[in-house]
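Now for the letters of each chain:
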Amino acid sequence: MHLQDRQILLLALPSIISNITVPLLGMIDVAIVGHMGSAVYIGAVAVGSMIFNLVYWLFGFLRMGASGMTSQALGRRNLKEVTLLLSRSLAIALSIASLLIILQVPLKWIMFWLIGPTADVAPFASTYFDIVIWGAPASLALFALSGWCIGMQNTRIPMMVSIMQNIVNILASLTLVYGLHMKIEGVALGTVIAQYAGCLMAVLLILHTYGRLRGYWRAKGTFLRQPMMQFFSINRDIFLRTLCLVAVNLYFTSAGARYGAVVLSVNTVLLQLYLLFSYFMDGFAYAGEALGGRYYGACNYRELRQMIQHLFGWALAMTVTYTILYLFGGMWMISILTDEPHVLLTATDYLPWAWLIPAAGAAAFIWDGLFIGFTATRGMLVSSFVAALIFFSTYRLTVNIMGNHGLWLAQIIYLSARGILQTGWYHIKLKALFH
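Residues numbered from 1 in each chain as written. Predicted model: local features only at pLDDT ≥ 70, side-chain atom pairs only at ≥ 80, totals over all residues. Heavy atoms only, no water.

Peer 1: Tell me about the overall build of the protein, residues and numbers included.
Peer 2: Within the protein, the secondary structure is distributed over 15 helices and zero strands. Against the globule reference of 22 Å for 435 residues, the protein gives a C-alpha radius of gyration of 22 Å, in line with a compact fold. Taken over the C-alpha atoms alone, the protein extends approximately 60 × 50 × 40 Å along its principal axes. Going through the 435 residues of the protein one by one, you find that 55% of them count as buried. Long-range pairs, those at least 24 residues apart, make up 84% of the contacts in the protein with a sequence separation of at least 6. Carbon and sulfur atoms make up 70% of the accessible area of the protein, which totals about 19200 Å². Separation between the mean location of the 25 positive side-chain charges and that of the 14 negative ones in the protein comes to 18 Å. (Helix = DSSP H or I, 4+ residues; strand = E, 2+ residues; numbered from the N terminus. Rg over C-alpha atoms; globule rule 2.2 N^0.38 Å. Buried < 20%, exposed > 50% of the residue type's maximum accessible area, 1.4 Å probe, protein only. Contact = heavy atoms within 4.5 Å. Areas by Shrake-Rupley, 256 points an atom, 1.4 Å probe, with all protein chains shown as cover. Lys, Arg positive; Asp, Glu negative; His and termini not counted. Charge placed at Lys NZ, Arg CZ, Asp CG, Glu CD.)

Peer 1: A description of the environment of T377 should follow, citing residues and the corresponding values.
Peer 2: For T377, the position within the fold is in helix α14 (residues 377-402). The exposure class assigned to T377 is buried, which follows from its relative accessible area of 4%. Between the C-alpha atoms of T377 and D237, which are 140 residues apart in sequence, the distance is 5.7 Å.

Peer 1: How would you sum up the packing of aromatic side chains? Please name residues and give values.
Peer 2: As enumerated under the stated definition, the model contains 23 aromatic pairs in all. Taking the centre distance of 5.8 Å and the plane angle of 40° together, the rings of F52 and Y56 count as tilted. Of this pair, F52 and Y56 both sit in helix α2 (residues 39-58), four residues apart, roughly one helical turn. Side by side, F52 and Y56 carry an identical accessibility label, which is buried. Note on Y296 and F374: the rings are 5.7 Å apart at their centroids and 55° apart in plane angle, and the pair reads as tilted. A residue pair is termed long-range when its members are at least 10 positions apart, and Y296 in helix α11 (residues 261-297) and F374 in helix α13 (residues 341-374) qualify at 78 residues. (Phe/Tyr/Trp six-rings, centres within 6.5 Å; stacked < 30°, edge-to-face > 60°.)

Peer 1: Tell me about unusual backbone geometry, residues and numbers included.
Peer 2: With phi around 60°, R77 is a residue other than glycine that occupies positive phi space. Following the sequence through the fold, R77 ends up in the loop between α3 (61-75) and α4 (79-102). Taking the relative accessible area as the measure of exposure, R77 reaches 57% and is therefore exposed. Positive phi values are uncommon outside glycine, yet C299 reaches one of about 60°. Here C299 is to be found in the loop between α11 and α12 (301-337).

Peer 1: Can you tell me about the packing of helix α10 (residues 225-257) against helix α15 (residues 404-430), naming the residues and giving the values?
Peer 2: At a minimum axis distance of 10 Å, the contact between α10 and α15 shows a crossing angle of 165°. What the angle tells us is that α10 and α15 run roughly antiparallel. For α10 against α15, the interelement crossing comes out left-handed. Where α10 approaches α15, its residues R241, L245, V248, F252, A255 and G256 are matched on the opposing element by N404, L407, W408, Q411, Y414 and R418. (Axes fitted to C-alpha atoms, helices over the stretch in contact; angles between N-to-C directions. Parallel < 35°, antiparallel > 145°, perpendicular 65-115°, else oblique. Left-handed = near helix turned anticlockwise from the far one by under 90°.)

Peer 1: Can you tell me about a nonpolar patch on the surface, naming the residues and giving the values?
Peer 2: A grouping of L316, V320, I324, L327 and F328 is seen on the molecular surface, where their side chains present a nonpolar patch of about 520 Å² in accessible area. Structurally, L327 can be placed in helix α12. On the accessibility criterion, L327 (40% relative accessible area) is partly exposed. (Patch = residues over 30% accessible without salt bridge, like charges linked within 9 Å, V, L, I, M, F, W, Y side chains within 5 Å. Salt bridge = Lys/Arg side-chain N within 4 Å of Asp/Glu carboxyl O.)

Peer 1: So what's going on with the pattern of salt bridges? Residues and values would help.
Peer 2: The tally for this structure, following the rule as stated, stands at eight salt bridges. Note that R63 is salt-bridged to E289, the shortest N-O span being 3.0 Å. Of this pair, R63 sits in helix α3 while E289 is found in helix α11, placing the two residues 226 residues apart along the sequence. Pair check on accessibility: R63 and E289 agree, each one buried. With its nearest N and O atoms 3.1 Å apart, the salt bridge here joins R88 to E81. Comparing R88 with E81, the two get one shared label, buried. One connected set of salt bridges, linked through shared partners, spans R236, D237 and R378.

Peer 1: An account of empty space enclosed by the protein is needed here, citing residue identities and associated values.
Peer 2: This model, assessed by the stated rule, comprises one cavity of 30 Å³ or more. A volume near 30 Å³ is recorded for the largest cavity. Around the largest cavity, the lining residues are L142, L145, S146, C149, I157, P158, V161, A202 and I206. Looking at the lining of the largest cavity residue by residue, the class counts come to eight nonpolar, one polar and no charged. (1 Å grid on protein atoms, 1.4 Å probe; cavity = no way out; pocket = protein on both sides within 12 Å on 5 of 7 lines; lining within 4 Å. Points joined across faces, edges and corners; volume = space filled by probe spheres on them. Nonpolar A, V, L, I, M, F, W, Y, C, P; charged D, E, K, R; others polar.)

Peer 1: Now, about α13: what can you tell me, with residues and values included?
Peer 2: Between its terminal C-alpha atoms α13 stretches 48 Å, which fits the 50 Å expected from 34 residues at 1.5 Å a residue. A maximum bend of about 55° is found in α13 at D349, where proline P352 lies one to four positions downstream. Two residues or fewer past α13, T375 is found with a positive phi of approximately 55°. (Expected span 1.5 Å × (residues − 1). Bend = angle between axes of the 7 residues up to and from the residue.)

What follows is the structure in structure tokens.
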């Protein structure tokens, strides 16, 4: 195996394992509340989880910004900057978390207004929110810690933290719900305990692995004006880019809901196939962040160009694999997710769109990782904004002719457009820098 491929896999595989543990957490919570004797508990966890997934997704720039800048500093062997980036990222993460806690009342009102939970679910969802919001410092700090580790070419620590976090969540929730006879409060508190346990483990592992770097750290360098301005400039672009993604995803869900419960269910199930593909592609994107930033920071452009070629080779392999999997096993996978006859029958009409997901989305995943490594965040923002405009325009032009098929056409074109636009940005704006 080529050295570049080995490096990519060493970074990608732990991230893939970590990603696969994510849905387990939600499944366990649903399984626990599903045996409490009322459907409102399931609805409360669903609403509460949706709120925090959305809020934390918006602040994902804490991980991505830390990853790209750290990998470049490591490539330059600027260990002082490497340590300062960790403290800088943590300081900003904890500041944002403090604001979320201070503003939790208006935040909850806005999110409930957007999601609109039913009257019977709302009180329990409110209880879940009031407890889980106190986990914000741990969750956002973990973004910064994970991004820094990826930038340091270490995806093993985030993997170990993710696995441990899930185990703690399961044990804590089961103990609180069945041992102490708590209800929705037990599930929420179990989530918060797991978040702080994960954050503590990440800190201890980083101190153990990188303790020798403490000699390079200087507290007064954390809040220097120019580095802070650069950090916020990069993260501003990532934040705005994330808003574009959120807008498309929310609209896709709400537009699908207009066609009735069956079509909404079909869309939801088919999106699980997209998520499954994304768990694997994100692993290779993280490898692109780490290696791309490191080679770029070291001005090692020959290795950088080779790495990009190998990374897209893996993307092609994943695209072919998942296309074949969905082509021949798509309905079998859908039947595992639901046994509702009307949903299964309707899904056969829309399954061909799932066949196109890997080919449409693969390039965007890889370029996202590479652009984060290069800190070429303006390219991510522009491509996402233009692709979002293309999505909304395509759907408006096709909705009266194709209905929900038009929604899926818009989604596939949107995914493809992101990859195509980023490819163009690389060749026009970036490639000349790597020679």
